[in-house]
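# Geometric and topological summary
Chain by chain, the residues run as shown.
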Amino acid sequence: QVQVVESGGGLVQAGGSLRLSCALSGRIFSINTMGWYRQAPGKQRDLVAIINSEGSTNYADSVKGRFTISRDNAKNTVYLQMNSLKPEDTAVYYCHTNLRVRQLSVSSVYWGQGKQVTVSS
């Protein structure tokens, strides 16, 4: 069993900053990727940022230069630092991970419950 626990988020004015954290616990053999997706009301869930086990990152064009993803492998935790926030960043942010629970098992995807981020204008 793998637990995905998110923290952070909340309400901030445009131009402000917030940080999201996502900690994994339970039976984990290896973590391939960790990342964040977001879903605004009436829209599909889209990738925000992702980081692999080597530290390579990929960002949505809309957040490049403003958001930074990082991970602490020792803590099985991923962070999303969000700066210069805009009203259009308002969404529920979901932690996403692709991992293996045993050496010979296939990779599986796990999602967090989601954290609301609201940016007021």
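Residues numbered from 1 in each chain as written. Predicted model: local features only at pLDDT ≥ 70, side-chain atom pairs only at ≥ 80, totals over all residues. Heavy atoms only, no water.

### Description of the pattern of salt bridges
Between side chains of opposite charge, a pair can form as their charged atoms come close. As a reminder of what qualifies: By convention in these notes, a salt bridge is any Lys or Arg side-chain nitrogen within 4 Å of a carboxyl oxygen on Asp or Glu. For the purposes of this entry, the term helix denotes a DSSP run of H or I that reaches at least four residues, the term strand denotes a run of E that reaches at least two, and both are numbered from the N terminus. Relative accessibility thresholds used throughout: buried, under 20% of the residue-type maximum; exposed, over 50%; partly exposed, between the two (1.4 Å probe, protein chains only).
Applying the stated criterion across every chain yields a total of 3 salt bridges. In this structure, R38 engages D89 in a salt bridge whose closest nitrogen and oxygen atoms are separated by 2.9 Å. Residue R38 is located in strand β4 (residues 30-39), and its partner D89 is located in the loop between β8 (77-82) and β9 (91-100); the two are separated by 51 residues in the primary sequence. When sorted by exposure, R38 lands in the same class as D89, which is buried. What makes D89 buried here is its relative accessible area of 1%.

### A short note on the packing of aromatic side chains
Where two aromatic rings form a pair, the distance of their centres and the angle of their planes describe that pair. Just so we agree on the cut-off: Stacked, tilted and edge-to-face pairs are distinguished by plane angle, under 30 degrees for stacked and over 60 for edge-to-face with tilted covering the rest, among Phe, Tyr and Trp rings (Trp via its six-membered ring) whose centres lie within 6.5 Å.
This model, assessed by the stated rule, comprises 2 aromatic pairs. For the ring pair Y37 and W111, a centre distance of 5.1 Å and an interplane angle of 70° mean the geometry is edge-to-face. A residue pair is termed long-range when its members are at least 10 positions apart, and Y37 in strand β4 and W111 in strand β10 (residues 108-111) qualify at 74 residues. Under the relative-accessibility criterion, Y37 is labelled buried at 19%. Given the relative accessible area of 36%, W111 is considered partly exposed.

### Some points on unusual backbone geometry
For N76, which is not glycine, the phi dihedral falls at a positive 50°. Mapped onto the elements of the fold, N76 is located in the loop between β7 (67-72) and β8. Take N76: its relative accessible area is 22%, and that puts it in the partly exposed class. Phi is positive for S84, which is not a glycine, with a value near 50°. Locating S84 in the fold gives a position in the loop between β8 and β9. A relative accessible area of 40% means that S84 is categorised as partly exposed.

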